[in-house]
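The residues making up each chain are set out below.
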Amino acid sequence: MNAETTPRRVRKAVLPVAGLGTRVLPATKSIPKEMLPVFDRPAIQYVVDEALAAGIEHFIFVTGRNKSAIEDYFDRAYELEDTLRQKNKAELLAELDRFTPPPGATSFVRQQAPLGLGHAVWCARDVVGDEPFAVLLPDMLTMAAPSCMQQMMAHYAQVGGNVIAVEPTDAPWSYGVIDPASRNGRLLKMRGMVEKPAKGTEPSNLFITGRYILQPEIFALLESQGKGAGGEIQLTDSMVRLMQSQDFHAVEYDGRSYDCGDKIGYLNAVAAFALANKDFGQAAAATLRAALENR
Ligand code: G1P
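Residues numbered from 1 in each chain as written. Predicted model: local features only at pLDDT ≥ 70, side-chain atom pairs only at ≥ 80, totals over all residues. Heavy atoms only, no water.

Within the element layout of this structure, Ser-204 appears in the loop between β10 (187–195) and β11 (206–214). Judged by its relative accessible area of 14%, Ser-204 is buried. Of note is the side chain of Ser-204, whose polar atom sits 2.6 Å from the backbone oxygen of Ile-178. Filtering out sequence-adjacent residues up to four positions away, Ser-204 remains in contact with Pro-172, Val-177, Ile-178 and Pro-180. (Helix = DSSP H or I, 4+ residues; strand = E, 2+ residues; numbered from the N terminus. Buried < 20%, exposed > 50% of the residue type's maximum accessible area, 1.4 Å probe, protein only. Polar contact = N/O pair within 3.5 Å; in protein donor to acceptor, adjacent residues only side chain to side chain. Contact = heavy atoms within 4.5 Å.)

Take Gln-215: it is sitting in the loop between β11 and α8 (218–223). Separated by 2.9 Å, the side chain of Gln-215 and the backbone oxygen of Gly-161 make a polar contact.

Moving on: the packing of helix α10 (residues 263–276) against helix α11 (residues 281–293). Between α10 and α11, the least distance of the axes is 6 Å, while the angle of their chain directions is 135 degrees. In this view, α10 runs oblique relative to α11, as classed from their interaxial angle. Within the contact between the two elements, α10 uses Ala-271, Ala-274 and Leu-275 and α11 uses Gly-281, Ala-284, Ala-285 and Leu-288. Here the contact of α10 with α11 is composed, by residue class, of six nonpolar, one polar and no charged. (Axes fitted to C-alpha atoms, helices over the stretch in contact; angles between N-to-C directions. Parallel < 35°, antiparallel > 145°, perpendicular 65-115°, else oblique. Nonpolar A, V, L, I, M, F, W, Y, C, P; charged D, E, K, R; others polar.)

Here the focus is the pattern of salt bridges. Inspection of every chain in the model, using the stated rule, returns 18 salt bridges. Notably, a salt bridge pairs Glu-34 with Lys-67, separated by 2.8 Å at the nearest N-O pair. With Glu-34 in the loop between β1 (12–16) and β2 (37–38) and Lys-67 in the loop between β4 (58–63) and α2 (68–73), the pair connects residues that are 33 residues apart, well separated along the chain. Judged by relative accessible area, which is 3%, Glu-34 ranks as buried. When the shortest N-O distance is used, the salt bridge between Asp-254 and Arg-186 registers 3.9 Å. (Salt bridge = Lys/Arg side-chain N within 4 Å of Asp/Glu carboxyl O.)

This part is about the environment of Asp-72. Structurally, the position occupied by Asp-72 is in helix α2. Judged by its relative accessible area of 54%, Asp-72 is exposed. Considered as a pair, Asp-72 and Ile-60 are 12 residues apart in the sequence and their alpha carbons are 14 Å apart.

Lining the immediate surroundings of the ligand are Leu-117, Leu-137, Met-140, Tyr-175, Gly-176, Glu-195, Lys-196, Ile-208, Tyr-212, Gln-234 and Thr-236. Note that an oxygen atom of the ligand is positioned 3.0 Å from one of the backbone N or O atoms of Gly-176. Contact distances for the ligand include 3.5 Å between an oxygen atom and a side-chain N or O atom of Thr-236. Protein burial of the ligand: of its 380 Å² of free accessible surface, 80% is covered by the chains. (Near = heavy atom within 4 Å. Areas by Shrake-Rupley, 256 points an atom, 1.4 Å probe, with all protein chains shown as cover.)

Further remarks concern the nonpolar core. Membership of the largest hydrophobic core comes to 38 residues, with the highest contact counts inside it found for Leu-15, Phe-61 and Leu-141. Listed by contribution, the elements that provide at least two residues to this core are β1, α1 (43–53), β4, β6 (133–136), α7 (148–159), β8 (162–168) and α10. When near neighbours in sequence (up to four residues on either side) are disregarded, Phe-61 contacts Leu-15, Val-17, Ile-44, Val-48, Ile-70, Phe-74, Thr-106, Ser-107, Phe-108 and Val-109. Ranked by size, the runner-up nonpolar core spans 34 residues in total, among them Val-14, Met-193, Leu-206 and Leu-235. (Core = buried A, V, L, I, M, F, W, Y, C linked by side-chain atoms within 4.5 Å.)

It is worth spelling out the environment of Tyr-156 at this point. Checked against the element boundaries, Tyr-156 lands in helix α7. Sequence-distant contacts of Tyr-156, defined by excluding residues within four places in its chain, comprise Pro-7, Arg-8, Val-10, Pro-132, Gly-161, Val-163, Ile-213 and Gln-215. For Tyr-156, the side chain forms a polar contact with the main-chain oxygen of Arg-8, separated by 2.6 Å.

Have a look at this one:
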């Protein structure tokens with residue numbers, strides 16, 4: 001990046017929420033997996049809060065069939081609000097209000113076939129337009145202060161270009177993994193990235209945590225992206241191509257992620273976010289301890 005240019009502000013975030021949630025069935029048979037409660041709120045709320053903390057103003061949900069509960073959740077619930085008002089439940093009303101985005105701050109586009117993450121992001125191209133944007137994968141909840149996306153934005157303000165979050169893992173073959181070239185504090189330059197590397201061939205143990213700041217040129221690459229790992233159009237493969245022409249950094253952010261994509265990961269997230277809740281954390285710890293002792 002030219003040191004004298006300020007990177008363009010990131011205003012929009014893409015949240016791919018079309019996945020079927022097959023690894024958490026039957027819970028997800030008629031409820032989108034993003035709506036499963038992680039302690040006291042749907043998983044997707046944590047992800048939206050993370051992005052809001054980072055200054056995101058517009059949320060583009062890439063949805064699919066049977067996902068209308070997400071759209072309803074981010075709308076006003078008139079009957080509920082009216083009932084709470086009549087019952088003088090001011091605190092609850094204020095809380096609901098905090099969770100409702102302002103008018104016009106959400107868009108919903110459909111991914112009509114499950115062709116992969118790269119295809120899902122590409123489906124948002126017209127709504128994103130010609131500006132840098134964030135991608136947050138709602139399967140992955142991050143616990144960090146400042147939020148993971150906030151930390152990424154701080155680095156983006158310095159280096160511009162494209163920025164992804166990474167974190168060490170014991171199971172790099174399950175994720176996208178980076179091939180680091182050099183490091184400056186938490187900021188890494190990369191030689192490449194691999195989606196779901198074969199066991200034993202992982203270039204590092206640093207996996208892509210599902211948080212991205214991308215330049216709009218990624219869309220043209222996604223358009224021509226062939227199938228990759230798992231027979232799907234992979235965002236990682238287009239990022240590798242974008243790296244050839246643009247600055248690309250990884251940030252090993254200060255915090256940790258919770259993969260809600262399977263049952264035990266989901267349980268771990270529920271426990272961790274209950275324990276971290278400022279009002280209920282202590283009671284949650286006592287309850288979890290008692291559950292272990294009484295089993
Ligand atoms: C996707 C990405 C992968 C990333 C992961 C994080 O994979 O393709 O690079 O590490 O999310 O959750 P998926 O979980 O969709 O298989």
